[in-house]
Amino acid sequence: MNLSYLSLGSNMGDRFEMLRQAVAQLVEHPAVTVTRISSLYETDPVGYTDQEPFLNMVVQLETELTALALLDVCQKIEQNLNRKRLVRWGPRTIDLDILLYNQDRIETDRLTVPHPRMNERAFVLIPLLEIDPGLEVAGTIETDGVLLWKSYNSLAAFLQDVH
Ligand SMILES: Nc1ncnc2c1ncn2[C@@H]1O[C@H](COP(=O)(O)OP(=O)(O)OP(=O)(O)O)[C@@H](O)[C@H]1O
Ligand SMILES: Nc1nc2c(c(=O)[nH]1)N=C(CO)CN2
């Protein structure tokens, strides 16, 4: 079994609903078990800053899938939730990135793991360390604005919440 962490973000439409549906689709996937979810964080946009604030979260999962097959699952969920890629680092209904996959280092055209920009992103590191405080991450956390938004005591409570 493989242990992986995904970063999820949304800054278009009903951001909460996008995250909830993305996590629900991971939960429903037969080869994926979602084992932990972070709080939801409302964050200032990083990179391309002239856009709406994001809601970000991180999930931990176990899977039989290879990292590339997991990327396929993430991209399918993005398509299901009507993701349109217009501007690099620009607005999106939903973004799912693979942060870590076991301790593996992967460098292919489609996939780089650990995610090459994760250590610069407080919107990734803060929820990641919330769900796994013992995780060793190198580098500095930049001071992009992060505001605690809402936390859940269980995955079921998150999936059942009526927004
Ligand atoms: N660890 C990874 N997780 C998700 N996608 C990745 C990863 N490494 C490489 N990619 C590739 O990155 C491509 C572009 O992804 P995307 O458009 O989501 O980038 P972005 O979210 O705008 O920027 P960033 O990569 O900085 O988060 C994807 O098509 C995918 O093949
Ligand atoms: N706050 C925040 N900023 C971003 C995000 C994101 O998820 N949250 N995703 C980006 C593209 O990967 C670019 N900038």
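To start, this report covers the structure provided alongside it.

Conventions adopted
Residues numbered from 1 in each chain as written. Chains lettered and ligands numbered in written order. Predicted model: local features only at pLDDT ≥ 70, side-chain atom pairs only at ≥ 80, totals over all residues. Helix = DSSP H or I, 4+ residues; strand = E, 2+ residues; numbered from the N terminus. Expected span 1.5 Å × (residues − 1). Contact = placed C-beta atoms within 7 Å. Core = buried A, V, L, I, M, F, W, Y, C linked by C-beta atoms within 7 Å. Buried ≥ 20, exposed ≤ 12 C-beta atoms within 10 Å, placed from the backbone.

Structural notes on unusual backbone geometry
Next up, step 1: Here the residue pair Val113 and Pro114 is connected by a cis peptide bond, since its omega of -5° sits within 30 degrees of zero.
Next up, step 2: Of note, Pro114 is situated in the loop between strand E7 (112–113) and helix H3 (122–131).
Next up, step 3: You will see that Asn102, though not glycine, has its phi angle at about 50°, which is positive.
Next up, step 4: Structurally, Asn102 is set in the loop between strand E5 (95–101) and strand E6 (106–107).

Looking at helix H2 (residues 67–80)
Next up, step 1: The first and last C-alpha atoms of H2 sit 20 Å apart over 14 residues, in line with the 20 Å expected at 1.5 Å per residue.
Next up, step 2: Buried positions along H2 lie against strand E1 (2–10), helix H1 (15–28), strand E2 (32–37), strand E4 (54–63) and E5.
Next up, step 3: Directly after H2, the chain includes Asn82, whose backbone phi takes a positive value near 65°.

Quick look at the nonpolar core
Next up, step 1: If you look at the biggest cluster of nonpolar residues, it comprises 36 residues, and the most contacted ones within it are Leu6, Leu8, Leu19, Ala22, Met57, Val59 and Leu99.
Next up, step 2: Elements represented by at least two residues in this core include exactly E1, H1, E2, strand E3 (40–43), E4, H2, E5 and H3.
Next up, step 3: Looking at this core, the element that brings in the most residues is E4, giving six residues.
Next up, step 4: Here Ala22 is in contact with Leu8, Ile77, Leu81, Ile94 and Leu96, once residues within four sequence places are set aside.

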